[in-house]
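Understanding the architecture of this molecule
Given next are the chains, with one letter for each unit.
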Amino acid sequence: MKKILFIIGSLRTKSFNRQLANEAKVIIGNRAEVLELDYSDLPLLNQDIEQPEPAPVARIRKTIGEADAIWIFTPEYNFSYPGHLKNLLDWLSRPVIPLDYATPTCINGKRIAISGAGGKAATANCRAKLTELLTFIKAEVLPEQTGIAVPAEAWGTDVLILTDEQKAELKAQADKLIG
Ligand SMILES: Cc1cc2nc3c(=O)[nH]c(=O)nc-3n(C[C@H](O)[C@H](O)[C@H](O)COP(=O)(O)O)c2cc1C
């Protein structure tokens, strides 16, 4: 059974993006194993601490390497992706052996789907910039994406209710990732 690794780009307890990920998990059902990447202990990237590889970095690289595909659910922060997500991807982009740019990193060639819930732009700016970054670090970004403009009432209740059309978009992503 394929392993799909979820990466949630929000640290907020009641995160709409976490709710989106929960919905995606329901849609995947028993067609794949779904795991969530815990990167809460990842240090800020500092080239002084790259070697030896810090334990959280080694664990995260192993988890990424073992996944058949990745699904990122992220909010848009100031027209872009959140800083902690950039920090994670910066770590993944670096060679495990210093100056060894020939050996593929754990993210090279990895199939990645992107979804996001946010304001009126439905995270379009974030998703475009994330696509650019992931392509630069040689991941394979799927063209199918889901962008949710969180409805006005949800900002008061903290509960995200998806339309049938939005659920269909998530299903199209899931089908492609598992396919
Ligand atoms: C620092 C910061 C910057 C933000 N910038 C944007 C933005 O550019 N576009 C947008 O749609 N929402 C923006 N937001 C609002 C987020 O979309 C909103 O907080 C959303 O709920 C975050 O996702 P979450 O519910 O998964 O935590 C910003 C929020 C923060 C904290």
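The following paragraphs examine the structure supplied in this document. The model shown is predicted, which means the values in this text are computed figures rather than measured ones.

1. Observations concerning the packing of aromatic side chains
As enumerated under the stated definition, the model contains 4 aromatic pairs in all. Residues F16 and W155 carry aromatic rings whose centres are separated by 5.2 Å and whose planes lie at 85° to one another, so their mutual orientation is edge-to-face. With F16 in helix α1 (residues 16-28) and W155 in helix α5 (residues 154-157), this pair connects stretches of sequence that are 139 residues apart. Assessed through its relative accessible area of 5%, F16 is described here as buried. Here the aromatic cluster, defined as three or more aromatic residues joined through ring pairs, consists of F6, W71 and F73. Here the basic side chain of R12 rests over the ring of F16, its NZ or CZ set 5.2 Å away from the ring centre.

2. Some remarks on the side chain of T74
Note that T74 resides in the loop between β3 (69-73) and α3 (83-93). When sequence neighbours within four positions are dropped, the list of residues in contact with T74 reads G9, N17, P82, L85, S115, G116, A117, T123, C126 and L130.

3. Some words on α1
Between its terminal C-alpha atoms α1 stretches 18 Å, which fits the 18 Å expected from 13 residues at 1.5 Å a residue. Of all the positions in α1, only F16, N17, L20, A21, A24 and I28 are classed as buried. Buried residues of α1, seen end-on, are gathered within an arc of 145° and therefore sit on one face of the element. The residue sitting at the N-terminus of α1 and contributing the capping side-chain oxygen is S15; that oxygen lies 3.0 Å from the backbone nitrogen of N17. Where α1 ends, the next residue or the one after it, G29, has phi of about 60°, a positive value.

4. As for the site of the ligand
Around the ligand, a shell composed of 13 residues is seen, among which S10, S15, N17, N78 and G119 lie nearest. Between the ligand and S15, the relevant distance is 2.6 Å, taken from an oxygen atom to a side-chain nitrogen or oxygen of the residue. The fraction of the free accessible surface of the ligand (620 Å²) that becomes covered by protein chains is 70%. Taken together, the residues of the shell around the ligand break down into 5 nonpolar, 6 polar and 2 charged.

5. So, the environment of L45
For L45, the location among the structural elements is in the loop between β2 (33-36) and α2 (55-66). Taking the C-alpha atoms as reference, L45 lies 9.9 Å from K86; in sequence the two are 41 residues apart. In contact with L45, not counting residues within four places along its chain, are N87, D90, W91 and R94.

6. A look at the sheet that holds strand β5 (residues 140-149)
Strand pairing in a sheet takes place through backbone hydrogen bonds and is either antiparallel or parallel in direction. Spatial strand order, β2-β1-β3-β4-β5: 5 strands in an open sheet with parallel pairing. Each of the sheet's edge strands pairs with one partner strand only, and the pair in question is β2 and β5. Taken pair by pair, the neighbouring strands of this sheet meet at an average axis angle of 20°, ignoring direction. Relative to β3, strand β1 (residues 3-8) is paired through 5 bridges, and the arrangement is parallel.

7. A short note on the packing of α1 against helix α6 (residues 164-178)
Running from N to C, α1 and α6 point in directions that differ by 60°, and their axes come no closer than 9 Å. Comparing their axes, α6 and α1 come out oblique. Crossing handedness for the pair α1 and α6: right-handed. Two secondary-structure elements touch here, α1 through L20, E23, A24, I27 and I28 and α6 through K167, L170, K171, A174 and I178. Taken together, the residues of the contact of α1 with α6 sort by class into 7 nonpolar, no polar and 3 charged.

About the thresholds
- Residues numbered from 1 in each chain as written.
- Predicted model: local features only at pLDDT ≥ 70, side-chain atom pairs only at ≥ 80, totals over all residues.
- Heavy atoms only, no water.
- Phe/Tyr/Trp six-rings, centres within 6.5 Å; stacked < 30°, edge-to-face > 60°.
- Helix = DSSP H or I, 4+ residues; strand = E, 2+ residues; numbered from the N terminus.
- Buried < 20%, exposed > 50% of the residue type's maximum accessible area, 1.4 Å probe, protein only.
- Lys NZ or Arg CZ within 6 Å of the ring centre and 35° of its normal.
- Contact = heavy atoms within 4.5 Å.
- Expected span 1.5 Å × (residues − 1).
- Arc of directions from axis to C-beta.
- Polar contact = N/O pair within 3.5 Å; in protein donor to acceptor, adjacent residues only side chain to side chain.
- Near = heavy atom within 4 Å.
- Areas by Shrake-Rupley, 256 points an atom, 1.4 Å probe, with all protein chains shown as cover.
- Nonpolar A, V, L, I, M, F, W, Y, C, P; charged D, E, K, R; others polar.
- Pairing = 2+ DSSP bridges.
- Axes fitted to C-alpha atoms, helices over the stretch in contact; angles between N-to-C directions.
- Parallel < 35°, antiparallel > 145°, perpendicular 65-115°, else oblique.
- Left-handed = near helix turned anticlockwise from the far one by under 90°.

By themselves, these observations are geometric and do not establish any function.
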